Amino acid sequence: MVTIQQSTIHKKIAYGVEQAKSVSHSILVSTSTKVDLIIDPVTFYERGKNRTGERIFWSAPSGDFVMVGIGNAYTFESNGGNNFGQVEKEWIELNEFSVIEPKERVSGVGPVILGAFSFDPRKEKTKLWGSFPVSKMMLPQHLLTITKNEFWLTLNVVVHGDTNVDEIVESLSKEQKDLCKDAHIPYEASFGKEFIIEEVSKDEWISSVDTVASQIRNNEIEKVVLAREIRVKSDFPFKTEDILNRLRKEQPSSYIFAVESGQDCFIGASPERLIKKEGEEAFTTCLAGSIARGNSEEEDDHLGNELLQDQKNLHEHEVVVRAIRSAFEQGCDRVIVPENPTLYKVRDIQHLYTPIIGKVKNTVSLLTLVEKLHPTPALGGYPREEALRKIREIEHLDRGLYAGPIGWLDSNGDGEFAVGIRSGLLQGKEASLFAGCGIVGNSDSIEEYKETQMKLRPMLSALGGSF
């Protein structure tokens with residue numbers, strides 16, 4: 001296994017320390033190399049278990065782009081709000097005098113921050129999310145990037161004028177070797193555990209759907225997304241690596257993610273992209289309106305065609321497309337939107353789907369687009385501020401990172417964020433799983449409840465069970 005040579009690390013860090021002395025502030029040093037063997041990303045993640053609380057996992061649909069971060073070189077976090085602008089400002093400042101090797105950049109290689117933002121920082125926080133700040137973006141000390149069938153390792157470190165070069169080089173080199181030892185061996189998940197499912201405030205949630213649907217019929221608001229929680233309890237601790245491994249196998253068309261903080265982990269398999277930026281181009285997804293998958297190809301096609309003609313779901317989807325197009329037009333010079341939705345199918349559910357592409361204005365950044373888009377009507381409702389007020393008023397759940405933006409940003413300003421749905425919060429022997437539904441005037445509370453059960457299946461299956 002070829003890792004980053006110790007002499008190369010020493011040279012770059014020593015140069016960074018000299019730079020830090022000359023400019024009288026800290027310097028980011030980042031060095032990357034392409035490795036010559038396959039590394040299993042879940043095995044690499046597991047190898048970093050001594051850094052629990054400082055691990056992060058991100059995989060794009062189809063699994064052809066994966067990033068795994070271990071250790072914490074620098075953290076951007078806030079308890080007062082999502083602070084997208086502040087994160088961007090600090091990230092630009094950190095990169096200003098950075099020492100980066102190689103100079104030619106590969107997307108997702110080198111200095112990359114990964115993390116998540118809360119759904120609604122203004123919602124009263126509960127002890128459920130006590131281990132997590134409102135927002136957290138992390139620059140990993142060790143980053144594995146898998147892209148275009150290439151495997152890259154990056155070391156990131158922030159040095160100061162008095163940093164002990166020999167000491168830090170020895171520590172980083174040893175840790176990288178330990179992470180890579182036998183990491184080519186595919187991770188094998190253990191069998192699922194027996195557990196108990198507790199419905200949290202089920203009757204209150206059903207009642208809230210009826211209340212909101214009535215308010216929508218009275219033209220008080222157009223759409224509200226209401227989410228609920230189930231609590232899963234086991235005799236054994238839930239193991240993040242096992243769940244990641246199952247999600248990768250069972251949900252290949254989704255974004256697979258895991259973000260740790262303290263002893264807790266937010267993990268999921270989201271089908272929904274919020275925003276991707278590559279140079280001047282930006283891509284987003286409108287995903288709203290749902291129906292089950294069929295047990296046969298014929299039944300699946302029948303259900304899909306039913307969804308494409310269902311007026312309740314088409315209206316819900318149109319609200320999302322209208323709002324996302326408006327947000328995109330604020331940040332892009334040219335926006336392309338298909339006339340009609342198609343179907344997006346994952347293992348347990350199929351959705352109405354409309355992709356949108358835009359040419360990003362010169363003054364607009366990825367995090368600016370995240371802030372303009374979040375939360376979309378698919379996650380919060382419409383109009384946005386009225387829907388958020390309604391959720392704060394009527395929803396018992398503290399969503400925390402659930403349904404918030406989760407993703408990554410590199411030093412070139414490119415990156416991607418998904419929305420943190422089809423997800424759960426692991427807390428030792430217990431886990432909270434979350435699901436929500438878009439409520440419109442003709443919503444039926446029992447049918448919406450059944451839809452949330454369908455949306456909970458991916459995470460229940462990944463935990464090793466089912467309803």
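See above for the structure.
Conventions we followed
Residues numbered from 1 in each chain as written. Predicted model: local features only at pLDDT ≥ 70, side-chain atom pairs only at ≥ 80, totals over all residues. Heavy atoms only, no water. 1 Å grid on protein atoms, 1.4 Å probe; cavity = no way out; pocket = protein on both sides within 12 Å on 5 of 7 lines; lining within 4 Å. Points joined across faces, edges and corners; volume = space filled by probe spheres on them. Helix = DSSP H or I, 4+ residues; strand = E, 2+ residues; numbered from the N terminus. Nonpolar A, V, L, I, M, F, W, Y, C, P; charged D, E, K, R; others polar. Axes fitted to C-alpha atoms, helices over the stretch in contact; angles between N-to-C directions. Parallel < 35°, antiparallel > 145°, perpendicular 65-115°, else oblique. Contact = heavy atoms within 4.5 Å.

Q: Please set out empty space enclosed by the protein residue by residue, giving values where relevant.
A: Applying the stated criterion across every chain, the model contains 5 cavities of 30 Å³ or more. The computed volume of the largest cavity comes to approximately 220 Å³. Looking at the lining of the largest cavity, the element that brings in the most residues is strand 21 (residues 430-439), giving 5 residues. Classifying every residue of the lining of the largest cavity gives 12 nonpolar, 5 polar and 6 charged. Quantified by volume, the second largest cavity comes out at close to 50 Å³.

Q: I'd like a rundown of the layout of surface pockets, residues and numbers included.
A: Empty space among the atoms becomes visible once a probe the size of a water molecule is rolled across them. In this structure, the largest pocket spans a volume of roughly 400 Å³. What lines the largest pocket is a set of 17 residues, among which S290, I291, N313, E447 and E451 lie closest to the centre. Listed by contribution, the elements that provide at least two residues to the lining of the largest pocket are strand 13 (281-292), helix 7 (297-309), helix 8 (311-331) and helix 11 (445-463). Counting residues per element, the lining of the largest pocket draws most heavily on helix 11, which supplies 5 residues. A breakdown of the residues in the lining of the largest pocket according to their chemical character gives 5 nonpolar, 4 polar and 8 charged. Size it by volume and the second largest pocket reaches roughly 330 Å³. Along its surface, the second largest pocket is lined by 17 residues, and F65, S107, T147, K276 and E278 are the ones closest to its centre. Put simply, the parts of the chain that give the lining of the second largest pocket at least two residues each are strand 12 (273-278) and strand 19 (415-419). Element by element, the count of residues in the lining of the second largest pocket is highest for strand 12, at 4 residues.

Q: Outline the packing of helix 3 (residues 84-96) against helix 9 (residues 366-373), listing residues and values.
A: At a minimum axis separation of 9 Å, helix 3 and helix 9 run at an interaxial angle of 170°. By the criterion of interaxial angle, the relationship of helix 3 to helix 9 is roughly antiparallel. Seen from helix 3, the contacting residues are F84, V87 and E88; seen from helix 9, they are L367, T368, V370 and E371. Of the residues assigned to the contact of helix 3 with helix 9, the class counts are 4 nonpolar, 1 polar and 2 charged.

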